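# Reading the structure
Single-letter residue listing:
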2 protein chains.
Amino acid sequence: MMNLNRLMALRKERNWSLQYVSDQLGMAKSTYAGYESGYRRPSLEAITAMADLFHTSVDYILGRVDEPGAYADQSNRQDEKTTVDLNNLESCMLSVDGQALSEEEIRQFIAFIKAKRELEQPARSK
Amino acid sequence: MMNLNRLMALRKERNWSLQYVSDQLGMAKSTYAGYESGYRRPSLEAITAMADLFHTSVDYILGRVDEPGAYADQSNRQDEKTTVDLNNLESCMLSVDGQALSEEEIRQFIAFIKAKRELEQPARSK
DNA sequence: CAATTATGTACGCGGAACGAGAACATTATT
DNA sequence: AATAATGTTCTCGTTCCGCGTACATAATTG
């Protein structure tokens, strides 16, 4: 039927754990795991929060649309200054000395930042 | 909270009755009426069926997006990519997982990228 | 290698809330 | 005026959501 098969792909692309995602969404690990496995179905608020977290659209998670980054998410829409979250690679082009950065380089930077934050906050785990 | 205020507008634009819409959706009149009034929240299947019936997106019904026919704009949005050079950061703010990056972190990243490019182009450099 | 911790999976339970139908009020049609 | 159509609100039975928990496996640490 209507499976949310794309959730796991969205999570694994970012190398996030179930625990980390469910913490970000403010729900139990088993709850989010139920969404990925198809055992449970998210509420409208839950699926909206997931679309925000993954910087994609509800329609994409539902499989109604095939472009992950088709819509702007709320945080980007409401900010007057342009705020770019690096997880949303489709929305921005970054360059250094006029030379564009590849997605791979941006991913490395994200990993670098996360590793740095881990070291500074050893108590927290994702 | 998250009201589906746009449902009634979508229906009235078409001069459709609650009975007609609920028949098309295969549910009771009171069920769909509950969605419009905010008394009940639709399931994922129900809101998907509504998006299909009204020829719009789930994100539009949820208020995550302001254009009813959001699908057509996919190619347009990619042209609107914001290009940011990391050497002049005054214009924009960068974040990872919604957490802002400090200027120091970005400077470290610039240094990292430059060093990486040095190593990848040993013949040209110097 | 052993021990501990992180990660993914499955299940049972209490309770929230969904969906249908009925009853009623209001408006439109004849 | 009578009838039908439309919109609103309520109760009831049932579904199923979300959490806690337990367990299996993989990863990390000493």
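Residues numbered from 1 in each chain as written. Chains lettered and ligands numbered in written order. Predicted model: local features only at pLDDT ≥ 70, side-chain atom pairs only at ≥ 80, totals over all residues. Heavy atoms only, no water.

In the vicinity of DNA strand D there are 16 residues, among which Ser30(A), Thr31(A), Tyr35(A), Arg40(A) and Leu18(B) approach most closely. In DNA strand D, atoms within 4 Å of the protein come 43% from sugar and phosphate. For DNA strand D, a phosphate oxygen lies 2.6 Å from a polar atom in the side chain of Thr31(A). The contact in question runs from a phosphate oxygen of DNA strand D to an N or O atom on the backbone of Arg41(A), over 3.5 Å. Elements with a minimum of two residues in the surface near DNA strand D: α3 (29–37) of chain A together with α3 (29–37) of chain B. Of the residues contributing to the surface near DNA strand D, the split by class is six nonpolar, five polar and five charged. (Near = heavy atom within 4 Å. Polar contact = N/O pair within 3.5 Å; in protein donor to acceptor, adjacent residues only side chain to side chain. Helix = DSSP H or I, 4+ residues; strand = E, 2+ residues; numbered from the N terminus. Nonpolar A, V, L, I, M, F, W, Y, C, P; charged D, E, K, R; others polar.)

With respect to the helices and strands, Asp59(A) occurs in helix α5 (residues 58–62). In this structure Asp59(A) comes out as buried when scored by relative accessible area, which is 0%. A polar contact of 2.9 Å, which involves the side chain of Asp59(A), links it to the backbone nitrogen of Asp59(B). (Buried < 20%, exposed > 50% of the residue type's maximum accessible area, 1.4 Å probe, protein only.)

A word on the protein's contact with DNA strand C. Lining the immediate environment of DNA strand C, one finds 16 residues, of which Leu18(A), Ser30(B), Thr31(B), Tyr35(B) and Arg40(B) sit closest. Near-protein atoms of DNA strand C (within 4 Å) split between backbone and bases, with sugar and phosphate holding 45%. Here a phosphate oxygen of DNA strand C sits 3.2 Å away from a polar atom, N or O, in the side chain of Arg11(A). When contributions to the surface near DNA strand C are tallied by element, the ones reaching two or more residues are α3 of chain A together with α3 of chain B. Of the residues that constitute the surface near DNA strand C, the class distribution is five nonpolar, five polar and six charged.

Tyr32(A), Met50(A), Tyr32(B) and Met50(B) are the most contacted members of the largest nonpolar core, which totals 44 residues. Contact partners of Met50(B), with chain neighbours within four places excluded, come to Leu7(B), Leu25(B), Tyr32(B), Tyr35(B), Pro42(B) and Ile61(B). (Core = buried A, V, L, I, M, F, W, Y, C linked by side-chain atoms within 4.5 Å. Contact = heavy atoms within 4.5 Å.)

This part is about the pattern of salt bridges. With the rule as written, the count across this model stands at twelve salt bridges over all chains. A salt bridge links Arg6(A) to Asp66(A), with the nearest nitrogen and oxygen atoms 2.9 Å apart. In this pair, Arg6(A) is assigned in helix α1 (residues 6–13) and Asp66(A) in the loop between α5 and α6 (74–78), connecting sequence segments 60 residues apart. Among the charged side chains, a salt-bridge network with shared partners connects Asp52(A), Asp59(B) and Arg64(B). (Salt bridge = Lys/Arg side-chain N within 4 Å of Asp/Glu carboxyl O.)

Moving on to α3(B). Residue and element names in this part refer to chain B. The complete set of buried residues in α3 reads Tyr32, Gly34, Tyr35 and Glu36. Buried residues belonging to α3 abut α1 (6–13), α2 (18–25) and α4 (44–53). The positive-phi residue at the C-terminal boundary of α3 is Gly38, with phi of around 85 degrees.

To continue, consider unusual backbone geometry. Phi at His55(A) is positive, roughly 50 degrees, even though this residue is not glycine. Mapped onto the secondary structure, His55(A) falls in the loop between α4 (44–53) and α5. Here the phi dihedral of Asn15(B) falls at roughly 60 degrees; this positive angle occurs in a residue that is not glycine.

On to the confidence of the model for chain A. Residue and element names in this part refer to chain A. Chain-level pLDDT for chain A is 76 on average; 55% of the residues reach the 70-or-more range. Taken together, the stretch residues 72–81 has pLDDT below 50 and engages in 16 contacts with residues farther than four places along the chain or on a different chain. Low confidence marks residues 121–126, where pLDDT is under 50. Its contacts with residues over four positions away, or in another chain, come to eight contacts. (pLDDT = per-residue confidence, 0-100.)

Tracing the sequence through the fold places Glu36(B) in helix α3. Here Glu36(B) is in contact with Leu7(B), Met8(B), Arg11(B) and Leu18(B), once residues within four sequence places are set aside.

All names here are of chain A. Scanning the entire structure with this criterion turns up six aromatic pairs over all chains. Between Trp16 and Phe54, the ring centres sit 5.9 Å apart and the planes meet at 25 degrees, which makes this aromatic pair stacked. Separated by 38 residues along the polypeptide, Trp16 in the loop between α1 and α2 (18–25) and Phe54 in the loop between α4 and α5 bring together distant segments of the chain. Assessed through its relative accessible area of 3%, Trp16 is described here as buried. Residue classification places Phe54 among the buried positions, given a relative accessible area of 1%. Through pairs of rings, three or more aromatic residues link up here, namely Trp16, Tyr20 and Phe54. Above the plane of the ring of Tyr60 lies Arg6, whose end atom (NZ or CZ) is 4.2 Å from the centre. (Phe/Tyr/Trp six-rings, centres within 6.5 Å; stacked < 30°, edge-to-face > 60°. Lys NZ or Arg CZ within 6 Å of the ring centre and 35° of its normal.)

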